[in-house]
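Coordinate inspection notes
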There are 2 protein chains.
Amino acid sequence: MFSIGQLSKRTGVKIPTIRYYEQMGLIDEPERSEGNQRRYTKDGLSRLSFIRHSRDLGFSVEDIRGLLDLSQHPEKPCSDAHSIAAQHLQDVQSRITKLRRLERELKRITKCDAGNVATCAVIETLADHGLCETEH
Amino acid sequence: MFSIGQLSKRTGVKIPTIRYYEQMGLIDEPERSEGNQRRYTKDGLSRLSFIRHSRDLGFSVEDIRGLLDLSQHPEKPCSDAHSIAAQHLQDVQSRITKLRRLERELKRITKCDAGNVATCAVIETLADHGLCETEH
DNA sequence: CTTGAAGCTCTAGTGGCTAGAGGAATTATA
DNA sequence: TATAATTCCTCTAGCCACTAGAGCTTCAAG
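Okay, so let's go over this structure.

Some points on the overall build of chain A
Within chain A, the secondary structure is distributed over 6 helices and 2 strands. Listing the helices and strands of chain A from first to last along the sequence gives α-α-β-β-α-α-α-α. The C-alpha radius of gyration computed for chain A amounts to 23 Å, which surpasses the reference 14 Å derived for 136 residues by more than 25%, pointing to a less compact arrangement than a globule. With the principal axes as the frame, chain A shows a C-alpha extent of 70 × 40 × 20 Å. Split into buried and exposed, the 136 residues of chain A put 38% on the buried side.

Side note on the protein's contact with DNA strand D
Around DNA strand D, a shell composed of 21 residues is seen, among which S3(A), G5(A), R19(A), Y21(B) and R55(B) lie nearest. Across the atoms of DNA strand D situated within 4 Å of the protein, the share located in sugar and phosphate is 87%. One nitrogen or oxygen atom from the side chain of S3(A) is found 2.8 Å from a phosphate oxygen belonging to DNA strand D. One of the backbone nitrogen or oxygen atoms of G35(B) is found 2.9 Å away from a phosphate oxygen of DNA strand D.

With respect to the side chain of S8(B)
All names here are of chain B. For S8, the position within the fold is in helix α1 (residues 4-11). Using a relative accessible area of 15% as the deciding quantity, one classes S8 as buried. Those residues within four positions of S8 in sequence are excluded, and the remaining contacts are V13, K14, I15 and I18.

Some words on the packing of helix α1 (residues 4-11) of chain A against helix α2 (residues 15-23) of chain A
All names here are of chain A. One can describe the packing of α1 onto α2 by two numbers: an axis separation of 9 Å at closest approach and a directional angle of 100 degrees. The pairing of α1 with α2 is recorded here as roughly perpendicular in orientation. Between α1 and α2, the residues in contact are I4, G5, L7 and S8 and I15, I18 and R19, respectively.

Thoughts on the relation of the copies chain A and chain B
Each of the two chain copies can be brought onto the other by rotation about an axis and movement along it. For these two chains of identical sequence, chain A goes onto chain B by a turn of 180 degrees and a shift of 0.0 Å along the axis, with RMSD 0.1 Å. Viewed as a symmetry operation, the transformation between the two copies matches a two-fold axis. The position closest to the rotation axis in chain A is occupied by the C-alpha of I96(A), lying 3.1 Å away. By residue overlap, the copies meet face to face through one surface: 100% of the interface positions of chain A are interface positions in chain B.

Overview of the packing of aromatic side chains
Following the criterion strictly, the structure yields 2 aromatic pairs over all chains and no others. Their ring planes at 50 degrees and their centres at 5.9 Å tell us that Y20(A) and Y21(A) sit as a pair that is tilted.

Quick notes on the rules
Residues numbered from 1 in each chain as written. Chains lettered and ligands numbered in written order. Predicted model: local features only at pLDDT ≥ 70, side-chain atom pairs only at ≥ 80, totals over all residues. Heavy atoms only, no water. Helix = DSSP H or I, 4+ residues; strand = E, 2+ residues; numbered from the N terminus. Rg over C-alpha atoms; globule rule 2.2 N^0.38 Å. Buried < 20%, exposed > 50% of the residue type's maximum accessible area, 1.4 Å probe, protein only. Near = heavy atom within 4 Å. Polar contact = N/O pair within 3.5 Å; in protein donor to acceptor, adjacent residues only side chain to side chain. Contact = heavy atoms within 4.5 Å. Axes fitted to C-alpha atoms, helices over the stretch in contact; angles between N-to-C directions. Parallel < 35°, antiparallel > 145°, perpendicular 65-115°, else oblique. Least-squares fit on C-alpha atoms with pLDDT ≥ 70 in both. Phe/Tyr/Trp six-rings, centres within 6.5 Å; stacked < 30°, edge-to-face > 60°.

Quick look at the structure:
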């Protein structure tokens, strides 16, 4: 049996976040001590690790709800899990593409070495979209 | 003079967002018509464009506050603008790095072609961090 | 002068937490 | 065993950058 603090240390999920997940229904309400403190089992620990890991990979809480549900039903086909993951992969890739464009633009405008704001490329570019090299 | 709707169309910023920026103090309160509707000048238009453009580049509202302030003082050295932009560039770059790692991991786990959840790599990987190839 | 679009203010909700108040329980030390 | 230090409890509110909706008023075209 783990206290919430121990669970937090083992998983790297902060205490208020664990309580938040409980509220959102991602983890079951655990047993309580005589004094009403949460007491977790190994199962609780592994479920929380699953959640933590999924969050690290950027899945939304809703996605995780689906993935957790699937993981409880080993007999189901895994195509559902795949479509969640594949969709998420697409999201990640499109975010990367956008950020790469930003990066290029930011690199370009931070090269400016003007002395003051009047001729500064950062300010100028922000004020005038036409100066941009790429779409965004 | 533009109505809020015209301003919205010209800048691509949604109407409630314009009012939100006003509330946040990013744009001045504009004049009003006799019937209390907002009426904007060209100055208002270009200020909002500046904001829109900065948001597109991913600057936070706080950053923009600083950049706007600088843009009103053309005599100031532009090193302040640079440090805001350079810091932001760093943020963007570190986000890209993280997303690239995610992408690799997601690609790997979505390659699984198992029939059901019991042996599905997506579920398995999420449950067991040890199966991951890279840090994240 | 009517009608329909566009505007107004105000409140509340989004996601995924995080912070703080004010108190109770547990654990470690004396 | 007494006390002190730490951890835990619930509850409310805040973060960012909007977005949605209710209920009302004003504007512009015909």
